[in-house]
Amino acid sequence: MLHPITFDENELPFSTLYGDHYYSRHDGRAECAHVFLAGNGLPTRWQDTKVFTIGELGFGTGLNFLETWSSWKLFRKPGQQLNYVSVEAMPMVRNVARRALGQWPKLEPLTSQLLNQWGCIFSKIQMDDQTCLHVFKGEAVHLVTKFPKIDAWYLDGFAPSKNPEMWSQSLMKIVAERTNQGGTCASYTAAGWVRRNLENAGFEIDKRDGFGSKRDMIVGTLK
């Protein structure tokens, strides 16, 4: 199923199905760096690891992957491996993703490399000799059970009020089960029931300053 997407006056992709933008109207790339990389303590945490695995709920435009890949290429050491595993129920078509990512020319040529492989990312693919991407196509609650053990989670579904299934207690429990001991999670939302679902699943949750106009965000560590 293709996702019904329009673009607003600022060329930001908007889901007409969920009534929500794909990322912050302030700056999606800066939001990723603030919420997901800094929220999970990256790149510091991968400095002394041989293999580091990131899990994501909601691949969307691929922007989070691109920002992570860009940082990884700057800070990785020879012999290290990044595994980036995501899930997407309704993938974008390539041309829509190209338009959505066009705001960040500094991410070229990584963007072009991703878009050239767009049809292949739904099976495991080696993006370069130290970076592996695998996007599962389908519903998260059914597919996250197939994820490898994760070191850091990007919880990036549409707003909980508009897409509650992506933040459900059952899915957060599966997320915890697929997390390495001491693994972390981060999300732009600080909704109370989302925090409680993560805490009930076994994460210790803290609030931090949000990005842009958002007052708060959350980070968590598996107990």
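Residues numbered from 1 in each chain as written. Predicted model: local features only at pLDDT ≥ 70, side-chain atom pairs only at ≥ 80, totals over all residues. Heavy atoms only, no water.

Trainee: Just to check I follow, could you spell out the pattern of salt bridges for this structure?
Mentor: When the charged atoms of two side chains lie near each other, side chains of opposite charge can form a pair. Taken as a whole and assessed by the stated rule, the structure comprises 6 salt bridges. Between Asp48 and Lys77 there is a salt bridge; the shortest N-O distance is 3.6 Å. Here Asp48 is found in the loop between helix H1 (28-37) and strand S4 (51-57), whereas its partner Lys77 is found in the loop between helix H2 (63-75) and strand S5 (81-88), with 29 residues between them in sequence. On the accessibility criterion, Lys77 (36% relative accessible area) is partly exposed. (Salt bridge = Lys/Arg side-chain N within 4 Å of Asp/Glu carboxyl O. Helix = DSSP H or I, 4+ residues; strand = E, 2+ residues; numbered from the N terminus. Buried < 20%, exposed > 50% of the residue type's maximum accessible area, 1.4 Å probe, protein only.)

Trainee: Looking at this model, I keep getting lost on the environment of Gly212. Mind explaining?
Mentor: Examined against the element boundaries, Gly212 turns out to sit in the loop between strand S10 (203-209) and strand S11 (216-222). Along the primary structure Gly212 and Ser24 are separated by 188 residues, whereas in three dimensions their C-alpha atoms are 7.7 Å apart.

Trainee: In this structure, what is going on with the sheet that holds strand S1 (residues 5-7)? I would like to understand it.
Mentor: Whenever strands of a sheet pair, they do so through backbone hydrogen bonds, lying parallel or antiparallel. Pairing in this open sheet of 3 strands is antiparallel, and the strands run S1-S2-S3 from one edge to the other. Two strands bound the open sheet, and with one partner strand each, they are S1 and strand S3 (20-21). Pairing analysis gives 2 bridges linking strand S2 (residues 13-15) to S3, with the strands arranged antiparallel. Bridge pairing in S3 places Phe14 opposite His21. (Pairing = 2+ DSSP bridges.)

Trainee: Help me understand the environment of Gly39, please; the structure alone is not making it clear to me.
Mentor: Note on placement: Gly39 falls in the loop between H1 and S4. It is 14 Å that separates the C-alpha atoms of Gly39 and Phe203, two residues lying 164 residues apart in sequence. Setting aside residues no more than four positions away along its own chain, Gly39 makes contact with His34, Ala186, Arg208, Met217 and Val219. (Contact = heavy atoms within 4.5 Å.)

Trainee: What's the story with H1 in this structure? I'm lost.
Mentor: Those residues of H1 not exposed but buried are Gly28, Glu31, Cys32, Val35, Phe36 and Leu37. Mapping the buried residues of H1 onto a view down its axis gives an arc of 160 degrees, with all of them on the same face. On the buried face of H1, the contacting elements are H2, strand S8 (150-155), strand S9 (179-187) and S11. Taking the backbone nitrogen of Arg29 as reference, a side-chain oxygen 3.0 Å away marks Asp27 as the first, capping residue of H1. (Arc of directions from axis to C-beta. Polar contact = N/O pair within 3.5 Å; in protein donor to acceptor, adjacent residues only side chain to side chain.)

Trainee: Would you take a moment to explain the packing of aromatic side chains for this structure?
Mentor: Note on aromatic pairs: each is described by the distance of the centres and the angle between the planes. Summed over the entire model, instances satisfying the criterion amount to 13 aromatic pairs. Joined through ring pairs, the aromatic side chains of Phe36, Phe65, Trp69, Tyr84 and Tyr154 make up one cluster. The ring of Phe7 is capped by Arg99, whose NZ or CZ atom sits 4.0 Å from the centre of that ring. (Phe/Tyr/Trp six-rings, centres within 6.5 Å; stacked < 30°, edge-to-face > 60°. Lys NZ or Arg CZ within 6 Å of the ring centre and 35° of its normal.)

Trainee: What's the story with the state of the cysteines in this structure? I'm lost.
Mentor: A covalent bond between the sulfur atoms of two cysteines is what we call a disulfide. One pass over the structure, following the stated rule, counts 0 disulfides. Take Cys32: it sits in no disulfide, and the sulfur closest to it among the cysteines is that of Cys185, at 15 Å. Residue class for Cys185 comes out buried when judged on its relative accessible area of 2%. (Disulfide = S-S within 2.5 Å.)

Trainee: What is the right way to read the sheet that holds S9 from this model?
Mentor: Spatial strand order, S6-S7-S5-S4-S8-S9-S11-S10: 8 strands in an open sheet with mixed pairing. Only two strands of the sheet have a single partner each, and these edge strands are strand S6 (125-128) and S10. Pairs of neighbouring strands in the sheet enclose a mean axial angle of 20 degrees, with direction left out of account. Pairing between S5 and strand S7 (residues 131-137): 7 bridges, direction parallel. Each bridged residue has a counterpart across the sheet, and for Ser86 the counterpart in S7 is Val135. In this fold H1 packs onto S8, S9, S10 and S11, with an angle of close to 145 degrees to the strand it touches most, S9. (Axes fitted to C-alpha atoms, helices over the stretch in contact; angles between N-to-C directions.)

Trainee: Could you clarify how one ought to interpret unusual backbone geometry in this entry?
Mentor: In most cases, non-glycine residues show a negative phi, while peptide bonds are predominantly trans. In this chain, Leu42 is followed by Pro43 through a cis amide linkage whose omega measures 15 degrees. Within the element layout of this structure, Pro43 appears in the loop between H1 and S4. For the bond running from Glu108 to Pro109, omega is 5 degrees, close enough to zero to count as cis. Despite not being glycine, Glu11 has its phi angle at roughly 65 degrees, a positive value.

Trainee: Mind showing me how you'd approach the packing of helix H6 (residues 169-177) against helix H7 (residues 192-201) here?
Mentor: Helix-helix packing: each pair is described by the crossing angle between the helix axes and the interaxial distance. Viewed as axis vectors pointing N to C, H6 and H7 meet at an angle of 45 degrees, and their least axial separation amounts to 8 Å. As the angle between them shows, H6 and H7 are arranged oblique. For the pair H6 and H7, the sense of crossing is right-handed. Between H6 and H7, the contacting residues are Gln169, Met172, Lys173 and Ala176 on the first element and Asn197, Leu198, Asn200 and Ala201 on the second. Along the lines of polarity and charge, the residues of the contact of H6 with H7 split into 4 nonpolar, 3 polar and 1 charged. (Parallel < 35°, antiparallel > 145°, perpendicular 65-115°, else oblique. Left-handed = near helix turned anticlockwise from the far one by under 90°. Nonpolar A, V, L, I, M, F, W, Y, C, P; charged D, E, K, R; others polar.)

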